[in-house]
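Read off the chains here:
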Amino acid sequence: MRNSRKYRLAAVGIALSASAVLGTQTVAQAQGTDATPHYQPEMVKALAASLGVSEEAAVDRLDRQDAQQAKLAELAKRGIAGDGAFFDASGKLTVNAADTAEAARIEKAGLDARVPARGEAALDKVKAELDALAAKKVPSGVVAWSVDLAADKVTVKVNNDRGAAAKAFLAKAAEHGSAVRIVRGEEKLEAKAAIYPGSKMTFNNTSQWCSVGYGARDRSGNQYLVTAGHCVTNTLRYDGTAFAKGYKTRYALGTRSVDMGLLTINSGHSITTSVGTWGNSNPVAVKGSSRASSGAALCKSGATTGWTCGTVGSYNNTVTYVDRNGGPDTVVSGLATSSVCVEGGDSGGAYISGNQAQGMTSGGPIDQQCSGVNSRGSSYFQPLDDALSYYGLTLNTN
């Protein structure tokens with residue numbers, strides 16, 4: 001359901017097995033045979049792929065990195081803090097020294113050192129001046145500015161769409177001469193988010209909200225958010241940032257409807273393949289969308305009531321939803337029932353049973369109130385497998 005302003009529709013959660021409801025998880029084994037490994041195997045694998053090296057080489061780099069940073073920490077205890085330090089592409093740490101004497105002491109400890117023209121403290125002051133200028137007026141067209149220790153400069157990135165505030169910003173930056181480097185032709189930036197199913201998503205320029213459903217893709221790889229049809233609107237926001245746009249819905253107020261719909265995902269954003277549990281356990285990995293039988297345990301994640309659990313009731317239900325604003329009633333078919341408690345704003349949120357995604361919250365009783373995971377209640381949800389089949393999509397799985 002939305003947050004109850006227009007529709008009194010309740011969120012249906014994700015069905016979970018008993019182990020998932022209790023939050024039990026299998027702990028992944030780390031690399032090698034160490035009982036207490038230093039690094040997560042997933043991180044090692046990703047780092048190796050990113051660097052184009054073997055996993056053994058990736059582990060070696062991490063070990064060398066740790067050893068060098070330990071030496072730097074030991075130097076700091078001895079009063080040699082340096083003026084910034086940075087790793088190069090090969091994983092070698094270089095420390096900025098105040099003078100040649102300090103550089104010699106750093107090198108004696110086994111680290112590379114240099115005496116820079118400026119150093120971190122001086123560059124931080126330059127950046128602070130630019131920060132203060134931007135606080136007065138946003139320099140639209142200036143993409144980013146940062147301290148680049150390796151280059152010993154403040155780097156300012158700009159695109160080709162610059163207004164008066166950006167020009168004033170660049171003029172101030174130019175006053176610092178060679179301490180500032182301007183990089184042109186950069187692309188504009190936007191906030192990015194990887195969003196858990198069950199998270200809150202607000203309707204653009206309103207106080208209404210629904211909950212995030214599941215991520216899925218078409219044959220061309222285009223990404224969609226599968227949600228309750230009555231949650232589909234022009235723009236949905238997560239944490240203030242627009243992340244999805246309305247695409248298709250089978251829900252229409254006052255007409256015979258099916259409560260399924262799609263939103264396109266804005267570039268750079270994604271829906272995770274684990275369902276958020278609002279702190280009740282680790283996120284639950286989504287492995288598939290096999291329909292649970294009646295009576296199966298399940299839970300839902302929703303923005304209003306969080307993580308609530310119950311059992312599947314029956315499938316192929318038709319209901320009549322009332323409009324609290326005085327609009328026409330709407331008949332909705334194809335829904336499943338559950339004993340999961342939901343409230344306004346839970347709509348669209350994810351139901352899961354074990355590791356199998358089940359559907360998205362559609363509705364529930366008017367004025368129902370929930371008070372925790374095991375709240376007694378009832379709800380209706382749109383089965384996910386029906387929505388995937390109708391739109392020809394494949395669920396994104398963990």
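Definitions and limits used
Residues numbered from 1 in each chain as written. Predicted model: local features only at pLDDT ≥ 70, side-chain atom pairs only at ≥ 80, totals over all residues. Heavy atoms only, no water. Phe/Tyr/Trp six-rings, centres within 6.5 Å; stacked < 30°, edge-to-face > 60°. Lys NZ or Arg CZ within 6 Å of the ring centre and 35° of its normal. Buried < 20%, exposed > 50% of the residue type's maximum accessible area, 1.4 Å probe, protein only. Helix = DSSP H or I, 4+ residues; strand = E, 2+ residues; numbered from the N terminus. Pairing = 2+ DSSP bridges. Axes fitted to C-alpha atoms, helices over the stretch in contact; angles between N-to-C directions. Polar contact = N/O pair within 3.5 Å; in protein donor to acceptor, adjacent residues only side chain to side chain. Salt bridge = Lys/Arg side-chain N within 4 Å of Asp/Glu carboxyl O.

Novice: Explain the packing of aromatic side chains to me, using residue names and the numbers behind them.
Specialist: In total, this model carries four aromatic pairs according to the counting rule given. Residue placement shows Lys200 over the ring face of Trp209; its charged tip is 4.1 Å from the ring centre. In this structure, Arg291 is placed above the aromatic ring of Tyr315, and the distance from its NZ or CZ to the ring centre is 4.3 Å.

Novice: Lay out the pairing of strand 24 (residues 356-363) with the relevant residues and their values.
Specialist: In terms of residue burial, strand 24 counts as a mostly covered element, since eight of its eight residues are buried. In sequence, strand 23 (residues 350-353) turns back onto strand 24 through a hairpin of two residues, with Gly354 there showing a positive phi of about 65°.

Novice: Give me the sheet that holds strand 3 (residues 112-114): which residues, what numbers.
Specialist: As summarised here, the arrangement of the three strands in space is 1-2-3, forming an open sheet in which the pairing is mixed. Edge positions in the sheet fall to strand 1 (85-87) and strand 3, since each has one partner strand and no second. Within the sheet, the average angular offset between the axes of one strand and its neighbour, ignoring direction, is 25°. As paired elements, strand 2 (residues 93-96) and strand 3 share three bridges and run parallel to each other. Residue pairing across strands places Thr94 opposite Asp112, the latter belonging to strand 3.

Novice: Mind laying out the environment of Gln356, listing which residues take part and the relevant values?
Specialist: Looking at the secondary structure, you find Gln356 in strand 24. Along the backbone, Gln356 and Ala285 are 71 residues apart, and their C-alpha atoms lie at a distance of 8.6 Å. Side-chain polar atoms of Gln356 contact the backbone nitrogen of Ser290, separated by 2.9 Å.

Novice: Report on the pattern of salt bridges, specifying residues and quantitative values.
Specialist: With the rule as written, the count across this model stands at nine salt bridges. A salt bridge links Lys172 to Glu129; the nearest nitrogen and oxygen atoms lie 3.9 Å apart. Note that Lys172 is positioned in helix 6 (residues 164-174) and Glu129 in helix 5 (residues 120-136), a separation of 43 residues in sequence. Note that Arg291 is salt-bridged to Asp385, the shortest N-O span being 2.9 Å. A residue pair is termed long-range when its members are at least 10 positions apart, and Arg291 in the loop between strand 18 (284-285) and strand 19 (297-302) and Asp385 in helix 7 (residues 384-391) qualify at 94 residues. By relative accessible area, Arg291 is classed as partly exposed at 36%. Taking relative accessible area as the criterion, Asp385 reaches 24% and is therefore assigned partly exposed. Salt bridges sharing common partners tie together Glu129, Lys172 and Glu175.

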